Amino acid sequence: MKIFENESAMQRWISEQFAKGKSLADFVTNFDDFEHSLSNNQSFSLRKVIDTFRFCLSSFDNNEVIVAYSGVN
């Protein structure tokens, strides 16, 4: 089931959401619960993966569009 007709339509929609002050975190169900559920009591390699994942999650509160590329199909 397609949600968007194409990549361009998705980018237009997300840009409109950002313009309304929303961030990616607003679209993740239970974002705070999920982020806090990651445990640090893991092996070294798993902790590295979790730390990287947490770093990515921290950007979900960013709603600033750096560049809007209009040439996307």
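Each chain carries its own residue numbering, running from 1 in the written order of its sequence. Thresholds applied to this predicted model are a pLDDT of at least 70 for local features of residues and 80 or more for the giving and counting of side-chain atom pairs; totals over whole chains, interfaces and linings are not thresholded and use all residues. With hydrogens and water stripped out, all remaining heavy atoms of the structure feed into the side-chain values.

Observations regarding the overall build of the protein chain
Rules: Strands here are runs of E lasting at least two residues and helices are runs of H or I lasting at least four, both read from the DSSP assignment and numbered beginning at the N terminus. Residue exposure (1.4 Å probe, protein chains only): buried if accessible area is under 20% of the type maximum, exposed if over 50%, otherwise partly exposed. For the area figures, the Shrake-Rupley method with a 1.4 Å probe applies, and any residue is considered shielded solely by the protein chains shown.
Helices and strands together make up the secondary structure of the protein chain, namely three helices and zero strands. The order of helices and strands in the protein chain, counted from the N terminus, is α-α-α. Expressed as a percentage of its 73 residues, the buried residues of the protein chain come to 18%. Of the roughly 6,000 Å² that the protein chain leaves accessible, carbon and sulfur atoms contribute 55%.

Re the confidence of the model for the protein chain
Just so we agree on the cut-off: pLDDT is a per-residue confidence score from the predictor, ranging from 0 to 100.
Looking at the protein chain, the pLDDT average stands at 75 and 64% of residues meet or exceed 70. Between the elements of the protein chain, mean pLDDT differs from a low of 65, seen in helix H2 (residues 31-37), to a high of 87, seen in helix H1 (residues 7-19).

Focus: the packing of aromatic side chains
How two aromatic rings sit relative to each other is set out by the distance from centre to centre and by the angle between their planes. Our working rule: In this analysis, rings of Phe, Tyr and Trp, with Trp reduced to its six-membered ring, are considered paired at centre separations within 6.5 Å, and the interplanar angle assigns stacked below 30 degrees, edge-to-face beyond 60, and tilted for intermediate values.
Enumeration over the complete set of coordinates arrives at one aromatic pair. Ring geometry for phenylalanine 4 against tryptophan 13: centres 5.6 Å apart, planes inclined by 50 degrees, an arrangement best described as tilted. On the accessibility criterion, phenylalanine 4 (29% relative accessible area) is partly exposed.

Quick look at H1
Worth spelling out the cut-off: Working rule for helices: expected span equals 1.5 Å times residues minus one. Under this definition, polar contacts are N or O atom pairs within 3.5 Å; protein pairs additionally need one hydrogen-donor-capable and one acceptor-capable atom, and for neighbouring residues in sequence, both atoms have to be side-chain atoms.
For H1, built from 13 residues, the straight-helix expectation of 18 Å at 1.5 Å per residue is met to within 8% by its first-to-last C-alpha distance of 18 Å. Buried within H1 we find Ser8, Ala9, Ile14, Gln17 and Phe18. Backbone nitrogen of serine 8 and a side-chain oxygen of the N-cap are separated by 3.2 Å at the start of H1; the cap is asparagine 6. Where H1 terminates, the next one or two residues include glycine 21, which has phi positive at roughly 90 degrees.

Section: the side chain of glutamine 17
What counts is decided by this rule: Residue contacts are defined here by distance: any two heavy atoms, one from each residue, within 4.5 Å place the two residues in contact.
By the secondary structure assignment, glutamine 17 is in helix H1. When neighbours within four sequence positions are excluded, glutamine 17 is seen to be in contact with Lys22 and Phe27.

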